[in-house]
Amino acid sequence: MKKTATFLLAAIAMQSAVAQNFIQAYQDRANMVNQSNIITSLQEFANLGVKTTGSQANANALDWLKNKYLSYGYSAAQMVEDPFTSGSYTSKNLVITKTGTVYPDKYVIICGHFDSITGLGINDNGSGTSIILEAARILKDISTEYSIKFIHFSGEEQGLLGSKHYANTVAYQGNNRVQDIKIVFNLDQVGGVMGNNNNTVYCDQDLGGLSSNNAASATVTQELRNCTTLYSTLQTAVDPAADTDYIPFEQKGEVITGFFERIRSTYPHTVNDTFANTDPVYIYNIGKASVGALQHFAVATGTLGTHEVVVKNSLESVKIYPNPVKDMLNIELPNPGIKNFSFEITDFQGRSILKTFNETKINVSGLENGAYVGIIKAHDKTVVRKILIDR
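What counts as what
- Residues numbered from 1 in each chain as written.
- Predicted model: local features only at pLDDT ≥ 70, side-chain atom pairs only at ≥ 80, totals over all residues.
- Heavy atoms only, no water.
- Phe/Tyr/Trp six-rings, centres within 6.5 Å; stacked < 30°, edge-to-face > 60°.
- Helix = DSSP H or I, 4+ residues; strand = E, 2+ residues; numbered from the N terminus.
- Buried < 20%, exposed > 50% of the residue type's maximum accessible area, 1.4 Å probe, protein only.
- Axes fitted to C-alpha atoms, helices over the stretch in contact; angles between N-to-C directions.
- Parallel < 35°, antiparallel > 145°, perpendicular 65-115°, else oblique.
- Left-handed = near helix turned anticlockwise from the far one by under 90°.
- Contact = heavy atoms within 4.5 Å.
- Nonpolar A, V, L, I, M, F, W, Y, C, P; charged D, E, K, R; others polar.
- Pairing = 2+ DSSP bridges.
- 1 Å grid on protein atoms, 1.4 Å probe; cavity = no way out; pocket = protein on both sides within 12 Å on 5 of 7 lines; lining within 4 Å.
- Points joined across faces, edges and corners; volume = space filled by probe spheres on them.
- Expected span 1.5 Å × (residues − 1).
- Arc of directions from axis to C-beta.

Trainee: It is not clear to me how the packing of aromatic side chains should be interpreted in this structure. Could you clarify?
Mentor: Pairs of aromatic rings are described using the distance from one ring centre to the other and the angle between the two planes. Applying the stated rule across the entire model yields 14 aromatic pairs. Centre to centre, the rings of Tyr26 and Tyr231 are 6.2 Å apart; their planes meet at 55°, and the pair counts as tilted. Of this pair, Tyr26 sits in helix α2 (residues 24-30) while Tyr231 sits in helix α7 (residues 214-231), and the two are 205 residues apart along the sequence. The same class applies to Tyr26 and to Tyr231, which are both buried. Seen from their ring centres, Tyr69 and Phe150 are 6.4 Å apart, and the 45° between their planes marks the pair as tilted. Of this pair, Tyr69 sits in helix α4 (residues 56-72) while Phe150 sits in strand β4 (residues 146-153), placing them 81 residues apart in sequence.

Trainee: Looking at this structure, how should I read the packing of α7 against helix α9 (residues 280-298)?
Mentor: In a packed pair of helices, the relevant descriptors are the angle between the two axes and the axis-to-axis distance. Two numbers describe how α7 lies on α9: the axes approach to 8 Å, and their chain directions differ by 130°. One element, α7, and the other, α9, form an angle in the oblique class. Between α7 and α9 lies a crossing of right-handed hand. Every residue of α9 that contacts α7 at Val220, Glu223, Leu224, Cys227, Thr228 and Tyr231 is listed here: Lys288, Ala289, Gly292, Ala293, His296 and Phe297. Partitioned by chemical class, the residues of the contact of α7 with α9 number 7 nonpolar, 3 polar and 2 charged.

Trainee: Even after reading the chapter, I still don't get the pairing of strand β17 (residues 381-389), so can you show me in this structure?
Mentor: Two faces make up the sheet, and in a regular strand the side chains alternate between them. Burial analysis of β17 places 7 of its 9 residues in the buried class, the great majority of the element. Pairing of strand β16 (residues 370-378) with β17, which is carried by 9 bridges, proceeds in the antiparallel orientation. Following the sheet pairing, Gly370 is matched in β17 by Ile389. Linking two consecutive strands that pair antiparallel, namely β16 and β17, is a turn of 2 residues; a positive phi of about 55° is found at His379 within it.

Trainee: Any chance you could explain the sheet that holds strand β2 (residues 89-98) here in plain terms?
Mentor: Strand pairing in a sheet is mediated by backbone hydrogen bonds. Such pairs are either parallel or antiparallel. Strand order in this open sheet of 8 strands is β1-β2-β4-β3-β7-β10-β8-β9, and the pairing throughout is mixed. Of all the strands in the sheet, just β1 (79-86) and β9 (235-240) have a single pairing partner and so form its edges. Adjacent strand axes in the sheet meet at a mean angle of 25°, parallel and antiparallel pairs treated alike. When β2 meets β4, the two strands line up antiparallel, connected through 5 bridges. In the sheet register, Val95 faces β4, and the bridge partner there is Ile151. Contacts from α4 reach β1, β2 and β4 within the one sheet, and its direction differs from that of β2 by about 10°.

Trainee: Just to check I follow, could you spell out the layout of surface pockets for this structure?
Mentor: Take a probe with the size of a water molecule and roll it over the atoms, and the empty space left behind shows itself. Space inside the second largest pocket adds up to approximately 300 Å³. Lining the second largest pocket are 16 residues, and of these Gln35, Val281, Ile320, Asn323 and Arg385 lie nearest its centre. Elements that contribute at least two residues to the lining of the second largest pocket include exactly α3 (35-47), α9, β11 (319-321) and β17. Per-class residue counts for the lining of the second largest pocket are 6 nonpolar, 5 polar and 5 charged.

Trainee: Just to check I follow, could you spell out α4 for this structure?
Mentor: Given a rise of 1.5 Å per residue, 17 residues ought to cover 24 Å, and the 25 Å separating the end C-alpha atoms of α4 matches this to within 8%. Turning to α4, its buried residues are Ala57, Asn58, Ala61, Leu62, Trp64, Leu65, Lys68, Tyr69 and Tyr72. When α4 is viewed along its axis, its buried side chains cluster within an angular range of 160° and face the same direction. Opposite the packed face of α4, turned more than 90 degrees from it, sit the exposed residues Gln56 and Ser71. One or two positions beyond α4, positive phi appears at Gly73, with a value near 105°.

Limitation: the analysis is restricted to geometry and does not speak to function.
If you want it as C-alpha cells, here you go:
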C-alpha cells in the first residue's frame, strides 16, 4: 500500500487529454468484466485468511491464484513461481506470461500484491488482485502485439520484498537488463469505501527517483487517463507514484504507472479491511478501465474474434435496490421475460441465510446489520451482488 501523497498535481490533473482513438473491440472486452466474478474472487480471497508473507495462508493464496489461471485455460508452462527470501521472510511471487505476436520478448507488466497484514486485505490488495484475474481471463485468447506478464507479488507489506526481488534478480541481474519491459502497470488499493461517491480514480505518475524516466511516465499516465475515460465511467486525477510495487522497477529506469483509489480508505492494515467496507461497483469500474488500458499498452487486436460473444442485456445488468437496505429489497431483472429465478442471501463464508423463488420484493428485516452476498440464478445464468443491511 502506498503512503499518503503529500500533494496533488492539480495542474497535471487538469491538463487536456491527448488524442487517443476509441476502439469498439476494446470497449466490448472491457464490458466483459464481470461484477459477479469480482465479488466471488473477493469472497474467496477473504476466506483465505490473513495472508502475511511467509504464512501458510500466503502459500494457500498462491495456490488459489494458480488454480484460477488454470481454470481460465492458461497452461502450467505459462506460470512460474518466483521464490525469494528476505530477512526472516520466505515467499513466492507468481508470474504468468501471455506471449505477444509481434514483440514476444518485450513485456507489458500488470501487477499487484496478494499478501496482507493484520487483516484480510480485501481492499489492500484483494481489489487489485481480482482485477488482474479478470483481465487475464478476458484477454487469454486475445492477440496482442506485446507480451503480457500478469504478476502477483508477495512481501509488499514488509517493504516491497517480492517486487524488489523480481526487479533486481529476474528483470535485471546487477546492472544487466535481462527483460525488455515496455511498461509496469500496478494496481494497489482500488477498493473504495462503501457509501462514498467513488467516481474518480488516481492515475499514478512518476515524479521522483530517477529523472530519466519521468517524461515517459507522464506520457503513459496520460494514456492511462485517456483509456479510463474512453472505456469506463470513471473520472481521473493524477497522484505521485510512491511506495508500491512499481517502485523497484522505477529505480531501475523502467516506465511506470498505476491505479490507486481517489478517496483513500482508512481500513487497510486493520481488521476492518473487509468485504463490508469496500465498494465492488468501484472495483468493477476500475476493472473495465484496466482492461481497456491493458489492451492499449499491449496493442490488442482491434477486431473481435469469432470466439468472442458480446452479451447485451444479460443478467449482469440486474438492479438490486435500495443498497444499503433497511427492510424491503427490490429486484429488477433486465429481461421481463424471466419468470423463473431464485434469489439467495448468504453470509461471506457462503452459508445460506435466506432463499426465495420468483419474488421481486424480499423482506430482509429479520437479518442483522452487515454485508451479505446476494445470488440470483435464472436458467443457466448466475449473478452475484454485495448486499449491505444498515438500519
